[in-house]
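Each chain, written out:
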Amino acid sequence: MKNMIILVWQRFQRSKITATFFIIGYAISMLLISINTSFVSQHLNAAALKKKFTPPNGTQYVVSAETSGSVTKADIDNLLKGLRSGTGVIFNGLETHPDKDNDVNGYYPVSAEYFAKDTNWHYPLVSGRYYTVKELSEGKKVALIGKSLDKYVEKKEEKEFICLGGTDYEVIGRIGNQNGLSLWDNRVFLPYSALPEDTQEYFMWASESLNMVLYNKKKGFKKDLEVIQKNGEQLKSGFEIEKVGKLEVEDMVSDLMNNMDDLYIMAVLGYLATLIYAVNILMYWLQKMRFEIGLRKACGYTNGKIFWMLFQEILGMSFIACFLAFAVQKFAGVLINSTGIDSLRFSLSIWNIVVALLITVISTFIILILPCRKLAKINPVEILRGE
């Protein structure tokens with residue numbers, strides 16, 4: 001490490017301008033790569049979290065009936081009466097609009113939950129508490145929200161409230177990931193018995209309009225489906241329940257590969273341009289160092305020793321560039337966070353360091369391939385005779 005610092009310092013003394021441009025160019029390319037690393041890391045962590053907290057044995061169904069009108073609390077109570085202990089139900093395909101959102105099209109997905117007894121499974125709480133069986137059965141206006149909805153929350157008498165579809169709900173907790181992105185950040189979680197008016201418009205008896213998920217730690221929903229079918233036939237004419245399939249976590253890697261944005265392309269192009277620039281600079285430096293290299297060879301330095309000296313020099317400058325890139329990314333993240341805007345792309349993790357170290361070491365080898373082929377051809381006798 002000490003020798004690396006000395007070599008980098010000597011390079012700056014000999015070639016201030018070219019060394020500075022090398023570090024700036026490499027820092028920019030590493031900044032773009034690091035930002036994309038943060039983005040991918042956050043999404044992969046979110047997918048892993050979703051897989052961990054997917055409803056146990058969750059299976060999706062579609063309910064329909066030959067009738068119209070809203071699905072009421074009494075309808076759900078009668079439909080789901082007699083389910084096995086531990087079976088819970090989540091109604092999806094619903095939306096609501098926060099009243100503080102000025103965008104008239106700013107609707108957020110809603111998950112309406114039902115459980116007659118504690119199912120021993122819940123979405124991951126970041127803070128607060130979950131709603132109770134009593135709150136569900138009594139239709140209490142309580143809500144759990146993802147962190148993206150924090151901007152719509154207001155404090156009243158030391159309690160937090162969010163207005164959804166014209167109705168105030170007490171925010172009793174947050175769902176998601178304490179230290180990063182989650183796939184529930186834009187979602188609202190409500191009791192099935194206390195849906196806002198605008199959500200009720202989606203909660204209708206109609207052909208294939210009611211989506212629900214059954215879950216239980218015990219596999220198999222045959223008995224639950226028999227109960228629901230029997231209750232449904234007594235409740236509505238033409239009642240049917242059709243299986244859609246098991247809940248699956250999306251293949252986030254494939255999704256990210258198939259939906260690459262412009263920043264990925266910029267990072268790759270910037271990195272390639274930096275490599276080409278670095279090779280040219282090193283060739284220029286070697287041309288200026290021909291006498292020094294010839295002298296070192298005459299004094300017993302092998303090509304391997306000179307390669308190692310150049311490797312440490314380039315690696316040292318690359319590490320400085322990485323440090324600058326991380327500092328800029330951290331500062332940008334703090335700055336953006338202070339404005340209240342989500343800055344997931346700018347968050348740093350251990351993966352940023354691992355990826356940067358790996359790319360830097362590989363890049364240093366790549367940068368040195370062509371110059372060191374030229375280095376090996378330097379004849380110390382001819383160099384010293386010429387001088």
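Because the structure is a prediction, the values reported are computed rather than measured.

Overview of the overall build of the protein
Line of reasoning, step 1. Helix and strand content of the protein: twelve helices and eleven strands.
Line of reasoning, step 2. For the protein, the proportion of its 387 residues judged to be buried stands at 44%.
Line of reasoning, step 3. The long-range fraction of contacts in the protein, counting pairs at least 24 apart against all pairs at least 6 apart in sequence, stands at 80%.
Line of reasoning, step 4. Accessible area for the protein stands at about 20,400 Å²; split by element, carbon and sulfur atoms hold 58% of it.

A word on unusual backbone geometry
Line of reasoning, step 1. At N57, a residue that is not glycine, the phi angle is positive and equals roughly 55 degrees.
Line of reasoning, step 2. Mapped onto the elements of the fold, N57 is located in the loop between helix 2 (16-52) and strand 1 (59-64).
Line of reasoning, step 3. Here the phi dihedral of E157 falls at roughly 55 degrees; this positive angle occurs in a residue that is not glycine.

Considerations on the packing of helix 1 (residues 2-14) against helix 2
Line of reasoning, step 1. Where helix 1 meets helix 2, the closest approach of the two axes is 5 Å, and the angle between their N-to-C directions is 120 degrees. Relative to helix 2, helix 1 is oriented oblique. Judged by residue contacts, R11, F12, Q13 and R14 of helix 1 engage K16, A19, T20 and I23 from helix 2.
Line of reasoning, step 2. For the contact of helix 1 with helix 2, the per-class residue count stands at three nonpolar, two polar and three charged.

Concerning the packing of aromatic side chains
Line of reasoning, step 1. In total, this model carries ten aromatic pairs according to the counting rule given.
Line of reasoning, step 2. Judged by centre distance (5.1 Å) and plane angle (70 degrees), the rings of Y114 and Y192 are edge-to-face. Remark: Y192 occurs in the loop between strand 9 (188-191) and helix 5 (197-200) and Y114 occurs in strand 3 (residues 108-114); sequence separation between them is 78 residues.
Line of reasoning, step 3. Given a relative accessible area of 9%, Y114 falls into the buried group.
Line of reasoning, step 4. Residues W121 and Y123 carry aromatic rings whose centres are separated by 4.9 Å and whose planes lie at 65 degrees to one another, so their mutual orientation is edge-to-face. The same class applies to W121 as to Y123, namely buried.
Line of reasoning, step 5. Cluster of aromatic residues (ring-pair linked, three or more members): W121, Y123, W184, F189 and Y215.

Re the pairing of strand 8 (residues 167-175)
Line of reasoning, step 1. Here three bridges tie strand 4 (residues 125-128) to strand 8, and the two strands are oriented antiparallel to one another. Bridging across to strand 8, L125 finds its partner in I175.
Line of reasoning, step 2. The sheet contact formed by strand 5 (residues 142-145) and strand 8 spans four bridges and is parallel. Paired with L144 across the bridge in strand 8 is G173.

Some remarks on the confidence of the model for the protein
Caution is warranted with low-pLDDT regions, since their predicted coordinates should not be read in detail.
Line of reasoning, step 1. Of all residues in the protein, 87% attain a pLDDT of 70 or more, and the chain-wide mean is 80.
Line of reasoning, step 2. Considering each helix and strand of the protein separately, the mean pLDDT is smallest for helix 7 (residues 252-258), with a value of 48, and largest for strand 5, with 95.

What to know about the nonpolar core
Line of reasoning, step 1. Among the nonpolar cores identified, the biggest contains 54 residues, and L80, F91, Y131, M212 and I228 are the most heavily contacted of them.
Line of reasoning, step 2. Among the elements that line this core, the one with the most residues is strand 10 (residues 210-215), at five residues.
Line of reasoning, step 3. Those residues in contact with M212, other than ones at most four positions away along the chain, are T59, Q60, Y61, V63, V89, I90, F91, I228 and I241.
Line of reasoning, step 4. F22, I33, L286 and L310 belong to the second largest nonpolar core, which has 36 residues in total.

Examining the side chain of T87
Line of reasoning, step 1. Positionally, T87 belongs in the loop between helix 3 (73-79) and strand 2 (88-96).
Line of reasoning, step 2. Among the polar contacts made by the side chain of T87, one reaches the side chain of N216 at a distance of 2.7 Å.
Line of reasoning, step 3. T87 has contacts with T119, Y215, N216 and D224, leaving out every residue within four places of it along the chain.

Looking at the pairing of strand 10
Line of reasoning, step 1. Extensive coverage of strand 10 is indicated by the burial of five of its six residues.
Line of reasoning, step 2. Bridge count between strand 1 and strand 10: five bridges; the pairing is antiparallel. Bridge pairing links V62 to N211 in strand 10.
Line of reasoning, step 3. Pairing between strand 2 and strand 10: five bridges, direction antiparallel. Along strand 10, the bridge assignment pairs N92 with N211.

Thoughts on the side chain of E113
Line of reasoning, step 1. Mapped onto the elements of the fold, E113 is located in strand 3.
Line of reasoning, step 2. Within the buried core, E113 has no salt-bridge partner, and the shortest N-O distance to an opposite charge, that of R187, equals 9.7 Å.
Line of reasoning, step 3. Within the structure, E113 has its side chain in polar contact with the side chain of Y130 (distance 2.7 Å).
Line of reasoning, step 4. Within the structure, the side chain of E113 is placed 2.6 Å from the side chain of Y131, a separation counted as a polar contact.

Some details on a nonpolar patch on the surface
Line of reasoning, step 1. On the surface, a cluster of nonpolar side chains totalling about 480 Å² of accessible area is made up of I350, W351, I353, V354 and L357.
Line of reasoning, step 2. Summarising the element assignment, I350 is placed in helix 11 (residues 350-376).

Conventions used here
- Residue numbers here run from 1 along each chain, matching the order of that chain's written sequence.
- The predicted origin of the model limits local features to residues at a pLDDT of at least 70 and limits the giving and counting of side-chain atom pairs to 80 or more, whereas totals for whole chains, interfaces and linings rest on all residues.
- Computation of side-chain values: all heavy atoms of the structure, hydrogens and water removed.
- Helix and strand definitions here come from DSSP, where helices need a minimum of 4 consecutive H or I residues and strands a minimum of 2 consecutive E residues; each element is numbered from the N-terminal end.
- Think of it in three bands: with a 1.4 Å probe and only protein chains considered, a residue is buried below 20% of the maximum accessible area for its type, exposed above 50%, and partly exposed in between.
- Any two residues whose heavy atoms approach within 4.5 Å are treated as being in contact.
- To measure how exposed things are, a 1.4 Å probe is used in the Shrake-Rupley method; for residues, cover is taken only from the protein chains shown.
- Geometry is summarised by axes, namely lines fitted to C-alpha atoms with helices restricted to the contacting stretch, and by angles between N-to-C directions that run from 0 to 180 degrees.
- Orientation labels follow simple angle bins: below 35 degrees gives roughly parallel, above 145 gives roughly antiparallel, 65 to 115 gives roughly perpendicular, and whatever is left gives oblique.
- Gly counts as polar in this scheme, as do all residues outside two lists: the nonpolar Ala, Val, Leu, Ile, Met, Phe, Trp, Tyr, Cys and Pro, and the charged Asp, Glu, Lys and Arg.
- Between rings of Phe, Tyr and Trp, where Trp is taken as its six-membered ring, a pair exists when centres lie within 6.5 Å; planes separated by under 30 degrees are stacked, by over 60 edge-to-face, and by other angles tilted.
- For two strands to count as paired, DSSP must find a minimum of two bridges between them.
- Values of pLDDT, ranging from 0 to 100, describe the predictor's confidence in every residue of the model.
- We call a set of buried Ala, Val, Leu, Ile, Met, Phe, Trp, Tyr and Cys residues a nonpolar core when their side-chain atoms join them within 4.5 Å.
- Think of a polar contact as two N or O atoms within 3.5 Å of one another; within protein, one of them needs to be a possible hydrogen donor and the other a possible acceptor, and neighboring residues in sequence only count if both atoms come from side chains.
- Positive charges come from Lys and Arg alone, negative charges from Asp and Glu alone, with His and the N- and C-terminal ends not counted.
- The working definition used for a salt bridge is a side-chain nitrogen of Lys or Arg within 4 Å of a carboxyl oxygen of Asp or Glu.
- Two joining distances apply to patches: 9 Å for like charges and 5 Å for nonpolar side chains (Val, Leu, Ile, Met, Phe, Trp, Tyr), and every residue must have over 30% relative accessible area and no salt bridge.

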